[in-house]
Amino acid sequence: MIDLRSDTVTKPTEEMRRASYQAEVGDDVYGEDPTVRKLEEKAADMLGKESALFVTSGTQGNSIAILSHCQPGNEVLLEEESHIFLYEGASASALAGVQPRTLKGMRGAMRPEEVNAAIRPDDIHFPETDLICIENTHNKAGGAVVPLENMEQIYGIAKEKGVSVHLDGARLFNASVASGTPLHAFASNTDTVQVCLSKGLGAPVGSILAGPRSFIDKARKWRKRLGGGLRQAGVIAAPGLVALEHMVDRLQDDHDHAKLLAEGLGNISPLTVENEVETNILLVNVSDTSYNANTFLEALKEKGVLAVPFGPNTVRFVTNYGVTKHDIQLVLDKVKSVL
Ligand code: TLP
């Protein structure tokens, strides 16, 4: 099987497995796991933040961020196709008791003037706007990089109005590699940021939530409340360190493969590529074929290729380090054979 369902399907490298085996560990609830501490310090440093917290997943990191930033009954602004709004089980409402308010984005980027207009004025009738969430790269927009200038403008507005900004940077490393913008430049236009170690970087588990020290202290408590106080977690943090040290630059390969796949699929009539491929995500529209997304995926699966539906007629392919240039050629042949 050539697995293009997501970059979450990647398996830990040899080096990661060795790092797990050799990891020095301790009880992290007592703050005594040296490997976890090393990972948190390294991640904070890379993101230009004071402090960081190792969490079990991107969803947990985003949920803890919302819980730590917001008060129940207040409001959080989100892009309407953001992962937090669409794919996290409504945790903002279910756990944090906040009201999500969505804004339509342009390739995943909310318009600063609309964000400005959506921040609530002081009025007894209204919830208070506690938080703005940005997603970079934007998954549903096909791995689009939200431009640094857009983030700068939104952060400027947020600071003027006393609202916090959280970045769902599940694929921020992809945004950085694709745009040449340093990670900390994106992160400096946010109060807090969540980055995933378990996507294109290939770690088996885990994300980082980074921000000011006082915020991370609060977040650590929320993680404990949610049952996420980890004990000898160095075993799972060690692959995360390998991911940060050795797996970032190779994301360029995934981007090159996604572009190659887009070029090839774009030449196979009547398929159309919906997004301008900037990173490792490719959205293909099948509405002019005899298939819908699900039946197309079934036919492809028969041929040994996996992808996921991303709409009734849209299929998402995500390149990842388990997929080679040769695999991309095979995928193109297999797609041709089902049409
Ligand atoms: N995305 C997954 C699915 O949940 C859709 C995927 O295969 O792309 N933020 C963004 C932008 C994400 O794409 C994801 C995962 C998360 C957060 C959540 O990360 P995890 O899966 O670690 O909870």
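Residues numbered from 1 in each chain as written. Predicted model: local features only at pLDDT ≥ 70, side-chain atom pairs only at ≥ 80, totals over all residues. Heavy atoms only, no water.

**Details of the site of the ligand**
Our working rule: The rule for a residue being near a molecule or strand is that one of its heavy atoms must lie within 4 Å of it. Side-chain atoms alone can form a polar contact between residues adjacent in sequence; in general such a contact is a pair of N or O atoms within 3.5 Å, and within protein one must be able to donate a hydrogen while the other accepts it. Methods summary: accessible areas were calculated by the Shrake-Rupley approach with a probe of 1.4 Å, and residue burial reflects only the protein chains presented. Strands here are runs of E lasting at least two residues and helices are runs of H or I lasting at least four, both read from the DSSP assignment and numbered beginning at the N terminus. Polarity classes work like this: nonpolar for Ala, Val, Leu, Ile, Met, Phe, Trp, Tyr, Cys and Pro, charged for Asp, Glu, Lys and Arg, and polar for all others, with Gly in that last group.
Surveying the vicinity of the ligand reveals 14 residues, the closest of which are Ser6, Thr59, His83, Asp168 and Arg171. Contact between the ligand and serine 6: an oxygen atom at 2.7 Å from a side-chain N or O atom of the residue. Between the ligand and the protein, one listed contact pairs an oxygen atom with a side-chain N or O atom of arginine 171 at 2.8 Å. The protein chains hide 82% of the 500 Å² of surface that the ligand would expose on its own. Looking at the shell around the ligand, the element that brings in the most residues is helix α3 (residues 58–69), giving 3 residues. A class-by-class count of the residues in the shell around the ligand yields 1 nonpolar, 7 polar and 6 charged.

**Thoughts on the pairing of strand β12 (residues 281–285)**
For a regular strand, side-chain orientation follows a simple rule: the groups alternate between the two sheet faces. For clarity, the threshold we go by: Any residue under 20% of the maximum accessible area for its type is buried, any over 50% is exposed, and the rest in between are partly exposed; the area is computed with a 1.4 Å probe on protein chains only. Pairing between strands requires that DSSP locate at least two bridges from one strand to the other.
Of all 5 residues in β12, 5 are buried; the element is thus mostly enclosed. Neither face of β12 is exposed, since Ile281, Leu283 and Asn285 on one face and Leu282 and Val284 on the opposite face are all buried. Pairing of strand β11 (residues 272–273) with β12, which is carried by 2 bridges, proceeds in the antiparallel orientation. From the neighbouring strand, threonine 272 faces β12, where its bridge partner is asparagine 285. Pairing geometry for β12 and strand β15 (residues 314–318), over 5 bridges, is antiparallel. Within β15, the residue paired with isoleucine 281 across the bridge is valine 318.

**Side note on the sheet that holds strand β8 (residues 164–169)**
Short version of the rule: Angles shown run from 0 to 180 degrees and are taken between the N-to-C directions of axes, each axis being a line fitted to C-alpha atoms and, for helices, limited to the stretch in contact. The contact criterion used is simple: two residues touch if any of their non-hydrogen atoms lie within 4.5 Å.
Strand order in the open sheet formed by 7 strands is β2-β10-β9-β8-β7-β3-β4, with mixed pairing between adjacent strands. At either end of the open sheet lies a strand with only one pairing partner, and these are β2 (51–55) and β4 (99–103). For this sheet, the mean angle separating the axes of adjacent strands, direction not counted, is 20°. One ladder, built from 4 bridges, connects β8 with strand β9 (residues 192–196); its direction is parallel. When the bridges of β9 are listed, aspartate 168 appears paired with glutamine 194. Across the face of the sheet, helix α10 (residues 213–225) comes into contact with β2, β9 and β10 (207–211) while running at roughly 20° to β2.

**Concerning the sheet that holds β15**
Spatial ordering of the open sheet is given by β11-β12-β15-β14, a layout of 4 strands whose pairing is antiparallel. Looking at the sheet topology across the chains shown, the edges are occupied by β11 and β14 (308–309). The sheet strands contacting helix α12 (residues 251–266) are β11, β12 and β15, and the helix crosses β12 at an angle near 15°. Sheet contacts for helix α13 (residues 293–302): β14 and β15; angle to β15, the most-contacted strand, approximately 45°.

**Quick notes on α12**
Note the following rule: Helix span is expected to be 1.5 Å times the residue number reduced by one.
Compared with the 22 Å implied by 1.5 Å per residue over 16 residues, the 22 Å span of α12 between its first and last C-alpha is a close match. Where α12 is buried, its residues touch α8 (172–179), β11, β12, β15 and α14 (325–338).

**A closer look at helix α7 (residues 148–161)**
Residues three or four positions apart in an α-helix share a direction because the helix packs 3.6 residues into each turn. A rise of 1.5 Å per residue sets the reference length of α7, with its 14 residues, at 20 Å; its end C-alpha atoms lie 20 Å apart and thus fit the reference within 8%. When we look at burial in α7, the residues that qualify are Leu148, Asn150, Met151, Ile154, Tyr155, Ile157 and Ala158. Each element contacted by the buried residues of α7 is listed here: β6 (109–110), α6 (112–118), β7 (129–135), β8 and α9 (183–187).

**Side note on the packing of aromatic side chains**
We count it as follows: Here is the rule: rings of Phe, Tyr and Trp (six-membered ring for Trp) pair when centre to centre is within 6.5 Å. Planes less than 30 degrees apart are stacked, more than 60 are edge-to-face, and the remainder are tilted. Ring-over charges, as used throughout, are those where CZ of Arg or NZ of Lys falls within 6 Å of the ring centre and within 35 degrees of the ring normal.
Tallying each qualifying case throughout the model produces 2 aromatic pairs. Ring centres 6.1 Å apart and planes at 15° place the aromatic pair tyrosine 87 and phenylalanine 310 in the stacked group. Note that tyrosine 87 is positioned in helix α4 (residues 83–87) and phenylalanine 310 in the loop between β14 and β15, a separation of 223 residues in sequence. In this structure tyrosine 87 comes out as partly exposed when scored by relative accessible area, which is 39%. Over the ring of phenylalanine 126 we find arginine 120; its NZ or CZ atom is 5.2 Å from the centre of that ring. Its guanidinium or amino end placed over the ring of tryptophan 222, arginine 225 lies 4.4 Å from that ring's centre, counting from NZ or CZ.

**Remarks on the pattern of salt bridges**
We count it as follows: Just to be clear on terms, a salt bridge is a Lys or Arg side-chain nitrogen sitting within 4 Å of an Asp or Glu carboxyl oxygen.
Counted according to the given criterion, the structure contains 12 salt bridges. Across the salt bridge formed by glutamate 80 and lysine 104, the nearest N and O atoms sit 3.4 Å from each other. Taken together, the residues span a long stretch of sequence, with glutamate 80 in the loop between β3 (75–79) and α4 and lysine 104 in the loop between β4 and β5 (105–106) at a distance of 24 residues. Glutamate 80 sits in the partly exposed class, given a relative accessible area of 30%. Shared partners join several salt bridges into a network, and the residues in it are Glu75, Arg101 and Arg120.

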